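One-letter residues, chain by chain:
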Amino acid sequence: MTSSAPPTIAHGGPTPPSGRAVRLAARLAELARFGSVGALAFVVDLGLFNLLRFGPGELLDHKPLTAKVISVAVATLVSWLGNRYWTFSARRTANHVRELLGFAVVNIGGMGIAVTCLAFSHYVLDLRSPLADNISANGVGLVLGMVFRYLAYRHWVFTAPAGEPAPQPRG
C-alpha cells in the first residue's frame, strides 16, 4: 500500500528539499534577476538607439553602428550596476575594478554580436528600414548576445564562490 503523503523526517515534518532542488531554485532565481536587469538594459539600449537614429534631429540617422555602440555603452553601465548589486550580489568580488573591466570586455563581445547582426542586415542584405535595423540589432543580436553574456558573467566576471557573504563597501 502506498501513501500519497509527503515523506517525513523523524520529528514528523516534511522532508527538506534536496541540495539539487535548492541549487535549481537558486539558479532559476538568478536567471529571473538576470532577465529583469537585462530587460531594463534592453529598454535603455532600444530607446537610446532609436532616439539617436530616428528621434528629434535624427542625430545619427546615417550612422546606425555608431548609434548602436553608444546605446550599448549606456545600457552596459545600467546592466553592470544591476548585475553586480542584485543578480550576482552573492558572487561579486571585492575587486570591483577588475570586475568592471571584465564586465566591459564581455559586453564588448556582446555588442560585437549585435553590431555584426546589424551590419550584416544593413549592409549585406541591404535591409535598411527602422524595423529591419531593430530586428537585426535588438532582436537577433540581443538574444545571441544575452546567452553569451550570462555565461561569461557567471564564469569570468562574478567569480567569488557563491554562498560567501558579499564584500561590504568601505565607508
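Figured I'd write up the structure that's included with this text. The structure displayed is predicted, hence computed values, not measured ones.

**Details of the packing of aromatic side chains**
- Per the counting criterion, the structure on display carries eight aromatic pairs.
- Ring geometry for Phe-88 versus Phe-158: centroids 4.9 Å apart, planes at 15°, classification stacked. Note that Phe-88 is positioned in the loop between α2 (64-87) and α3 (96-124) and Phe-158 in the segment after α4 (130-157), a separation of 70 residues in sequence. Across this residue pair, the class does not change: Phe-88 and Phe-158 are buried.
- The rings of Phe-34, Phe-88, Phe-103, Tyr-150, Tyr-153 and Phe-158 are connected pair by pair, giving a single aromatic cluster.
- The ring of Phe-49 carries the charged tip of Lys-68 above its face, separated from the ring centre by 5.5 Å.

**Here's the deal with unusual backbone geometry**
- Within the chain, Glu-58 stands out as a residue other than glycine whose phi angle is a positive 40°.
- Owing to a relative accessible area of 41%, Glu-58 belongs among the partly exposed residues under this scheme.
- Of note in the backbone geometry, Asp-126 takes a positive phi value of approximately 60° without being a glycine.

**What about the packing of α2 against α4?**
- Packing of α2 against α4 leaves a shortest axis separation of 13 Å and a crossing angle of 35°. Considering only the axes of α2 and α4, their crossing is right-handed. Across from Pro-64, Lys-68, Ser-79 and Asn-83 in α2, the residues of α4 making contact are Asp-133, Ala-137, Asn-138 and Tyr-153.
- Partitioning the contact of α2 with α4 into residue classes produces three nonpolar, three polar and two charged.

**Focus on the nonpolar core**
- With ten residues, the main nonpolar core is built from Phe-34, Trp-80, Phe-88, Phe-103, Val-106, Tyr-150, Ala-152, Tyr-153, Val-157 and Phe-158.
- Of all the secondary-structure elements, those providing two or more residues to this core are α3 and α4.
- Looking at this core, the element that brings in the most residues is α4, giving four residues.
- Membership of the second largest hydrophobic core comes to six residues, among which are Phe-49, Leu-52, Leu-60 and Ala-137.

**Considering the packing of α3 against α4**
- Where α3 meets α4, the closest approach of the two axes is 8 Å, and the angle between their N-to-C directions is 155°. What the angle tells us is that α3 and α4 run roughly antiparallel. Where α3 crosses over α4, the handedness of that crossing is right-handed.
- A per-class count over the contact of α3 with α4 returns 16 nonpolar, nine polar and four charged.

**With respect to the pattern of salt bridges**
- All told, the structure shown has six salt bridges when counted by the stated rule.
- A salt bridge links Arg-27 to Glu-30; the nearest nitrogen and oxygen atoms lie 3.9 Å apart. Of this pair, Arg-27 and Glu-30 both sit in helix α1 (residues 19-54), three residues apart, which is roughly one turn of the helix.
- Taking the relative accessible area as the measure of exposure, Arg-27 reaches 35% and is therefore partly exposed.
- Classification of Glu-30 as buried rests on a relative accessible area of 7%.
- For Arg-128, the salt bridge is made with Asp-126, and the minimal N-O distance between the two is 2.5 Å.
- Judged by relative accessible area, which is 43%, Arg-128 ranks as partly exposed.
- Taken together, the salt bridges that share partners define one network made up of Arg-27, Glu-30 and Arg-154.

Calculation criteria
Residues numbered from 1 in each chain as written. Predicted model: local features only at pLDDT ≥ 70, side-chain atom pairs only at ≥ 80, totals over all residues. Heavy atoms only, no water. Phe/Tyr/Trp six-rings, centres within 6.5 Å; stacked < 30°, edge-to-face > 60°. Helix = DSSP H or I, 4+ residues; strand = E, 2+ residues; numbered from the N terminus. Buried < 20%, exposed > 50% of the residue type's maximum accessible area, 1.4 Å probe, protein only. Lys NZ or Arg CZ within 6 Å of the ring centre and 35° of its normal. Axes fitted to C-alpha atoms, helices over the stretch in contact; angles between N-to-C directions. Left-handed = near helix turned anticlockwise from the far one by under 90°. Contact = heavy atoms within 4.5 Å. Nonpolar A, V, L, I, M, F, W, Y, C, P; charged D, E, K, R; others polar. Core = buried A, V, L, I, M, F, W, Y, C linked by side-chain atoms within 4.5 Å. Parallel < 35°, antiparallel > 145°, perpendicular 65-115°, else oblique. Salt bridge = Lys/Arg side-chain N within 4 Å of Asp/Glu carboxyl O.

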